[in-house]
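# Per-entry structural report
Single-letter residue listing:
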Amino acid sequence: MRGFRREQPEHMTTITIILIEDDPLFALEVEMLIRKMEYASFKVLNNSDTALLEIQKSPPDVLLLDILIEGSMTGIELAQKLRALQIKIPIIFLTANMD
């Protein structure tokens, strides 16, 4: 819906979202969509190693995770590592890969 803006109830807190995506154009598209909703604090990271450190330091409320990312782990391996570390965050897997 074009021009649609949701009004955030006063009692609603800001949701923190981290997107881990190494394709800058796809990351920008997702970021623009999330920012339009105005409910979230949003951060984009582009590799698994930086993401792991950031998540350990300050876990988000939701993680948007590309399956094939740069760094020493794939998105799936990063999710497994977070679970092994008992970091329980809802994860939504994404991919811009058409294969």
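Model, not experiment: these values are computed from the prediction.

## Some points on the overall build of the protein chain
Within the protein chain, the regular secondary structure consists of 3 helices and 4 strands. Helices and strands in the protein chain line up, N terminus first, as β-α-β-α-β-α-β. For the protein chain, buried positions account for 32% of its 99 residues. Taking contacts inside the protein chain between residues at least 6 apart in sequence as the whole, the part at least 24 apart equals 70%.

## Describing the nonpolar core
Core analysis: the biggest nonpolar cluster contains 16 residues, and Ile20, Ile55, Leu63, Leu65, Leu78 and Leu82 have the highest contact counts within it. Elements supplying a minimum of two residues to this core: strand 1 (15–20), helix 2 (48–57), strand 3 (62–66) and helix 3 (75–84). One finds Ile17, Leu19, Val30 and Phe42 within the second-largest nonpolar core, a separate group that totals 8 residues.

## Overview of the environment of alanine 79
Locating alanine 79 in the fold gives a position in helix 3. A relative accessible area of 8% places alanine 79 in the buried class. Each C-alpha atom of the pair alanine 79 and phenylalanine 93 lies 9.5 Å from the other, and the pair is 14 residues apart in sequence. Not counting residues within four places of it along the chain, the set of residues in contact with alanine 79 comprises Leu65, Ile91 and Phe93.

How each quantity is defined
Residues numbered from 1 in each chain as written. Predicted model: local features only at pLDDT ≥ 70, side-chain atom pairs only at ≥ 80, totals over all residues. Heavy atoms only, no water. Helix = DSSP H or I, 4+ residues; strand = E, 2+ residues; numbered from the N terminus. Buried < 20%, exposed > 50% of the residue type's maximum accessible area, 1.4 Å probe, protein only. Contact = heavy atoms within 4.5 Å. Core = buried A, V, L, I, M, F, W, Y, C linked by side-chain atoms within 4.5 Å.

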